[in-house]
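Residue-level structural notes
Chain by chain, the residues:
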Amino acid sequence: FANSELTYEKKHEFNVGVEFGFLRNRLNLVADFYWRDNFDLMGYVQTQVSGQKYANVASMRSHGIEATISSQNIRNNDWQWNTDLTFAYNKTTITDLLTQARVIDLVQPSGYTRVGYPHRALFSIPFMGLNDEGIPTIMNEYGEVTTTDINFQEYEKLDFMKYEGPTEPTITGGLNNMLRWKNWRLNVFITYSFGNVIRLDPVFSSTYNDLDSMPREFNNRWTIPGDEKITDVPVIASRIQNRTNTELAFAYNAYNYSTARIARGDFIRMKEISLGYDFPRKVTDALHLGTLSLKVQATNLFLLYADKKLNGQDPEFVNSGGVATPMPKQFTFTVRLGM
C-alpha cells in the first residue's frame with residue numbers, strides 16, 4: 001500500500017574521538033564516544049484494511065564507545081610481536097513506537113521492538129514447572145497456571161511476560177596477536193561477545209517422527225512421576241496423552257517460548273589461527289620467482305567459553321529458516337607466487 005507521508009530515516013549524532021600514543025608510539029589508544037537520537041525509523045504498520053504498509057513508526061536513542069589498543073611488544077631484526085585489542089559497547093532504547101506487538105512477536109528468537117526496551121528485546125512466557133505427568137505448565141495473560149490456555153495473538157495483556165534481555169550483544173570485540181620470527185608468521189585471533197540472550201531452538205513438540213533430531217536435553221527429560229522435582233525437560237508425550245488432550249501442542253509450543261528455553265549469548269571464540277612462511281630471496285631467485293609464500297589457516301575452530309545451557313548450539317547462529325546453517329570450521333592452505 002502507498003504511503004504519501006513516508007520520509008527518510010533521520011538521526012542526530014554527537015561523536016567525540018581521542019587518539020593517544022605512548023613509548024614512541026609502541027602503545028596506541030584510539031577511542032570514540034557517541035550519542036545518537038534516531039527518529040522517523042521505518043517499519044511496517046497495520047492498515048485498516050487487510051494488509052501492511054511501510055511507515056515512519058519509531059524513534060530510538062543509543063550511545064556507546066568503540067576503542068582499540070595496539071601495542072608493539074617486541075620489535076627487532078628477527079622478532080616482532082604485535083597485539084591489537086578491540087572493544088565496543090552499545091546500548092539502545094526504543095523511545096517511541098506506533099506498531100503494536102503480540103505475544104507471538106515478543107517471543108521470537110530475533111527479538112522485537114517495544115517502548116522502553118532495547119532494539120530487538122526478547123520476552124518469554126513464564127514457565128511454572130512440569131505437572132505430575134511431565135507436561136509443561138505456564139502462566140497465561142490472566143495470571144493463571146495452565147498447560148494449554150494461552151493466547152499467542154494477545155496484544156493488550158502483555159505485562160505477564162518476562163523481559164529476558166536484548167538479542168543483540170552490548171559488548172563485542174577481539175584480541176589479535178601477530179608473532180613473526182625471521183620468515184615465519186603466526187597469527188592468533190580471538191573474538192568475544194557479551195550482554196545478549198538467546199532463545200534455544202524450539203525442538204520440543206507433543207509428537208515426533210523419525211525425521212526429528214533430538215538434542216542432548218532429551219537425556220534429562222521427565223520419565224517417571226517425581227521427576228518434575230528435578231528436571232524442567234518435558235516428557236515425550238504418549239499417544240494416549242495426545243488423544244486425551246487434543247490441545248497438547250499448545251503446551252509444548254508455549255514451553256519452547258518460555259523462560260526455561262533461554263541461555264546467555266556470552267561467548268569467547270577462537271576465531272582464527274594462521275601460520276605462514278615467506279621463502280628467502282635465494283630460494284625465489286633459484287626458482288626464477290619474485291616471491292613465494294605458504295600459509296595454513298584455520299577459522300572458527302572452537303569456543304573457549306559459552307553458556308552450558310546452549311548444549312552445543314552455536315551462540316552466533318540465528319536460525320532464520322531456509323538454508324541457514326551454523327558457521328562451519330574452515331581449513332585453508334594457500335600458496336602465493338609472485339613473478
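Presented here is an overview of the structure given in this document. (Residues numbered from 1 in each chain as written. Predicted model: local features only at pLDDT ≥ 70, side-chain atom pairs only at ≥ 80, totals over all residues. Heavy atoms only, no water.)

Pairing in this open sheet of 9 strands is antiparallel, and the strands run β1-β2-β3-β4-β10-β11-β14-β15-β16 from one edge to the other. Only two strands of the sheet have a single neighbouring strand rather than two, namely β1 (10–22) and β16 (330–338). Put simply, the sheet's adjacent strands are angled 15° from each other on average, direction ignored. Across 17 bridges, the pairing between strand β3 (residues 52–75) and strand β4 (residues 79–97) is antiparallel. Bridging across to β4, E66 finds its partner in A88. (Pairing = 2+ DSSP bridges. Helix = DSSP H or I, 4+ residues; strand = E, 2+ residues; numbered from the N terminus. Axes fitted to C-alpha atoms, helices over the stretch in contact; angles between N-to-C directions.)

Even without being glycine, R120 reaches a positive phi, approximately 60°. Despite not being glycine, H288 has its phi angle at roughly 60°, a positive value. Along the chain, H288 turns up in the loop between α4 (281–286) and β15 (291–306). Classification of H288 by relative accessible area gives exposed; the value is 69%. (Buried < 20%, exposed > 50% of the residue type's maximum accessible area, 1.4 Å probe, protein only.)

This paragraph deals with the nonpolar core. Of all hydrophobic cores here, the largest spans 16 residues; its most connected members are V103, I125, I150, F152 and M161. Looking at this core element by element, the count peaks at 3 residues for helix α1 (residues 103–106). L130, F218, A237 and L248 belong to the second largest nonpolar core, which has 14 residues in total. (Core = buried A, V, L, I, M, F, W, Y, C linked by side-chain atoms within 4.5 Å.)

Turning our eyes to something else, we now look at the sheet that holds strand β6 (residues 127–130). Pairing between the strands of a sheet is mediated by backbone hydrogen bonds and can be parallel or antiparallel. Across the sheet, which stays open at both edges, the 3 strands sit in the order β6-β7-β8 with antiparallel pairing between neighbours. Edge positions in the sheet fall to β6 and β8 (145–146), since each of these pairs with one other strand and no more. Alignment of β6 against strand β7 (residues 136–139), held across 2 bridges, turns out to be antiparallel. Within β7, the residue paired with F127 across the bridge is I138.

What characterises a pair of aromatic rings is the spacing of the ring centres plus the angle enclosed by the ring planes. A complete count under the given rule lists 14 aromatic pairs for this structure. Taken together, a centroid distance of 4.5 Å and an interplanar angle of 20° make the contact between Y44 and Y54 stacked. Of the two residues, Y44 is situated in strand β2 (residues 27–46) and Y54 in strand β3; the sequence distance between them amounts to 10 residues. Residue class for Y54 comes out partly exposed when judged on its relative accessible area of 42%. Where Y192 meets F194, the ring centres are 6.0 Å apart and the plane angle is 40°; that geometry is what we call tilted. F194 gets classed as partly exposed once you look at its relative accessible area, which sits at 26%. Linked through ring pairs, F127, F204, Y208, F218 and Y255 together constitute an aromatic cluster. When the ring centre of F123 is taken as reference, the NZ or CZ atom of R114 above it lies at 5.2 Å. (Phe/Tyr/Trp six-rings, centres within 6.5 Å; stacked < 30°, edge-to-face > 60°. Lys NZ or Arg CZ within 6 Å of the ring centre and 35° of its normal.)

On the secondary structure map, E164 appears in strand β9 (residues 162–166). Despite its burial, E164 remains without a salt bridge, the nearest opposite charge being carried by K162 at 4.1 Å. Setting aside anything within four residues of it in sequence, one finds E164 in contact with L122, F123, S124, V197, T259 and I262. (Lys, Arg positive; Asp, Glu negative; His and termini not counted. Salt bridge = Lys/Arg side-chain N within 4 Å of Asp/Glu carboxyl O. Contact = heavy atoms within 4.5 Å.)

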